[in-house]
Amino acid sequence: MQEYGPAVDRREFLRIAGGIGAALTVPAPTGCAGDDDALTFFFQANPAEADGRQRVIDEFARRYPEIRVRTLLSGPDPMQQMLTFCAGGKCPDVLMAWEQTYAGLADRGVLLDLNAMLERDPEFAAELRADSVAALYDTFSFGGGQYALPEQWSGNFLFYNRKLFDDAGLRAPGHWDEAWSFAEFLDICRALTERERSGRVGQWGFVDTWVPYYSAGLFAINNGAEWTIPRTAPDRSAFADDAFVEGVQFYADLATRHGVAPTPADQQSISTMDLFTQGRAALALGGHWRYQTFSAAEDLDFDITALPVGPNGRMARSNIGTTGLAISADSPRKEQAWEFLKFAAGPAGQAVVAESGLFVPAGRSAVRSRGFAEAHTDIENLGILVEGSAHSAPLPVTAAWARIDALMDRYLGPVLRGTRPAISLKNRLAPEADEVLRNQ
């Protein structure tokens, strides 16, 4: 799951999502969806991503001139804005859906169950299923319904500075099935961390450009853990499992014990993004949404690789980060909206996404296309992107995730700052998370 672009902070996004019930009672907004008969499409994006989406819309307009599409670009709080629209009876026809928050909307009847559309359109349904990565498609299945069609994979992996690796005589794995161990990863981070005489770090071995407490969980996943049990509508978290605790502790120790990654205090003076773009960090955890920024950086020669695998893990894994396209349950233009979803999430629209280079398409044919490869000519290890979704661990699907996220922020924070050991999660985070899941 990506961080939803520079404009929105995940913590704030999920906090807003947690207030869905309250948001559905706010007064009706004015002038948000217009009075014309255009299909309204609501999404959140930075300028480059908006340009990529516009390419899809323009191609759809060329093929379906009878269906006009009007875009509604989100501000910093997409969930609040979207819910305000819907509460006032002006819900956009097509909605961008996020993997960890759509279930709350579906649970409250905001999103249309697409199963009826798929059953009525068996040829497209079969084509979509054949071209989709099951893990991405199934992420938007909740309570027996299919509430969105996946449009992109945005899981996390590692960017690495090729020059720093070459100068040190080191090699990074090129495929998911060649991943390094935690021990090998730590050794490389140590070798690539350089300190000045004053003790100040001039070059870090590893930096994190994602959300630290999710990154810690991702290291736990690579140590053989899971987030919850089961994945859909879970009734228990895995936060007390030894594999989870050990993976989180390894991640925290990179900064607080081994000194190969910046601590939260270190990051007060410079961002982790800047450290990597300026050649002052050898490895950076992030997703494809960082690719354009790194590509634009002067004198930055980089490639991508898989995350390391812990002693309890079997293979390198990313996370199922994905966004999808949904239809408002109250849309008066469901038929036009369905045609748009079919195009944007189907092979034709996915091919446009692939050629733009702005996203990793959800469709197998698009991500393996020549257009996608030509949009990433500076990446040698393209298989990390092509095979990324197939090597991703599912994130939980539950309407209660916003509350779990708040607990993770509260209890993982001290661990990542080094003021508590990860074993504290067993009697702090796990019991409270389990209670939330049992009572959802």
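All figures in this text were calculated on a predicted structure; none of them were measured in a lab. (Residues numbered from 1 in each chain as written. Predicted model: local features only at pLDDT ≥ 70, side-chain atom pairs only at ≥ 80, totals over all residues. Heavy atoms only, no water.)

Peer 1: Residue-level account of the nonpolar core, with values.
Peer 2: Among the nonpolar cores identified, the biggest contains 95 residues, and Phe185, Phe206, Phe219, Leu283 and Met408 are the most heavily contacted of them. When residues in this core are grouped by element, the largest group, nine residues, is from helix H12 (residues 242-256). Among residues more than four places away in sequence, those in contact with Phe185 are Leu158, Trp180, Phe206, Phe219, Phe250, Leu254, Leu283 and Pro308. Counting 56 residues, the second-largest nonpolar core is a separate cluster that includes Met96, Ala106, Leu325 and Phe343. (Core = buried A, V, L, I, M, F, W, Y, C linked by side-chain atoms within 4.5 Å. Buried < 20%, exposed > 50% of the residue type's maximum accessible area, 1.4 Å probe, protein only. Helix = DSSP H or I, 4+ residues; strand = E, 2+ residues; numbered from the N terminus. Contact = heavy atoms within 4.5 Å.)

Peer 1: I'd like a rundown of the packing of helix H3 (residues 47-63) against helix H15 (residues 334-345), residues and numbers included.
Peer 2: Put simply, H3 and H15 touch, their axes get as near as 10 Å, and they point 120° apart. One way to sum up the angle between H3 and H15 is to call them oblique. H15 is crossed by H3, and the crossing has right-handed handedness. Touching Val56, Ile57, Glu59, Phe60 and Arg63 of H3 are Glu339, Phe340, Phe343 and Ala344, all from H15. (Axes fitted to C-alpha atoms, helices over the stretch in contact; angles between N-to-C directions. Parallel < 35°, antiparallel > 145°, perpendicular 65-115°, else oblique. Left-handed = near helix turned anticlockwise from the far one by under 90°.)

Peer 1: Break down the packing of aromatic side chains for me, with residues and values.
Peer 2: With the rule as written, the count across this model stands at 30 aromatic pairs. Taken together, a centroid distance of 5.1 Å and an interplanar angle of 85° make the contact between Phe60 and Phe340 edge-to-face. Here Phe60, found in helix H3, pairs with Phe340, found in helix H15; they are 280 residues apart in sequence, far enough to count as distant. An angle of 55° between the planes, with centres 5.2 Å apart, marks the rings of Tyr102 and Phe140 as tilted. Taken as a pair, Tyr102 in helix H5 (residues 102-107) and Phe140 in the loop between helix H8 (134-139) and strand E4 (141-142) lie far apart in primary sequence, 38 residues in all. You'll find Tyr102 and Phe140 in the same group, each marked buried. Every member of this aromatic cluster is reached through a ring pair, and the members are Trp153, Phe157, Phe159, Phe276, Tyr291, Phe294 and Phe302. Across the ring face of Phe124, the terminal group of Lys342 is positioned such that the distance to the ring centre comes to 5.7 Å. (Phe/Tyr/Trp six-rings, centres within 6.5 Å; stacked < 30°, edge-to-face > 60°. Lys NZ or Arg CZ within 6 Å of the ring centre and 35° of its normal.)

Peer 1: Kindly report on the sheet that holds strand E13 (residues 302-305), identifying the contributing residues and their values.
Peer 2: Spatially, five strands are ordered E8-E9-E12-E7-E13 in an open sheet, and the strand pairing comes out mixed. Unpaired on one side and paired on the other, strand E8 (194-195) and E13 mark the two borders of the sheet. Bridge count between strand E9 (residues 201-208) and strand E12 (residues 281-287): four bridges; the pairing is parallel. Bridging across to E12, Asp208 finds its partner in Leu285. Together, strand E7 (156-161), E9 and E12 form the strand contacts of helix H11 (residues 212-221), whose direction differs from that of E9 by roughly 70°. (Pairing = 2+ DSSP bridges.)

Peer 1: Please set out the sheet that holds strand E15 (residues 322-327) residue by residue, giving values where relevant.
Peer 2: In space, the six strands of this open sheet follow the order E2-E1-E3-E15-E6-E16, with mixed pairing throughout. Taken across any chain shown, the strands that pair with only one partner, and hence form the sheet edges, are strand E2 (69-73) and strand E16 (360-361). Alignment of strand E6 (residues 149-153) against E16, held across two bridges, turns out to be antiparallel. In the sheet register, Gln152 faces E16, and the bridge partner there is Pro361. Across the face of the sheet, H15 comes into contact with strand E1 (39-43), E2, strand E3 (94-98), E6 and E15 while running at roughly 155° to E15.

Peer 1: Residue-level account of the pattern of salt bridges, with values.
Peer 2: Under the criterion given, the structure shown has 23 salt bridges. For Arg120, the salt bridge goes to Glu335, with nearest N and O atoms at 2.7 Å. Here Arg120, found in helix H6 (residues 115-120), pairs with Glu335, found in helix H15; they are 215 residues apart in sequence, far enough to count as distant. When the shortest N-O distance is used, the salt bridge between Glu387 and Arg368 registers 2.8 Å. Taken together, the positions of Glu387 in the loop between helix H19 (383-386) and strand E17 (392-393) and Arg368 in the loop between helix H17 (364-367) and helix H18 (370-374) put the pair 19 residues apart, joining distant regions of the chain. Residues joined by salt bridges that share partners form a network here, namely Arg162, Asp301, Asp303 and Glu380. (Salt bridge = Lys/Arg side-chain N within 4 Å of Asp/Glu carboxyl O.)

Peer 1: Give me the lowdown on the packing of H11 against H12, citing residues and values where you can.
Peer 2: Closest axis-to-axis distance for the H11/H12 pair is 7 Å, and the angle between their directions is 125°. As the angle between them shows, H11 and H12 are arranged oblique. Crossing hand, H11 versus H12: right-handed. On H12, the residues that touch Pro212, Ser215, Ala216, Gly217, Phe219 and Ala220 of H11 are Ala243, Phe244, Gly247, Val248, Phe250, Tyr251 and Leu254. Considering only residue class, the contact of H11 with H12 consists of 10 nonpolar, three polar and no charged. (Nonpolar A, V, L, I, M, F, W, Y, C, P; charged D, E, K, R; others polar.)

Nothing here speaks to function; it is all geometry.
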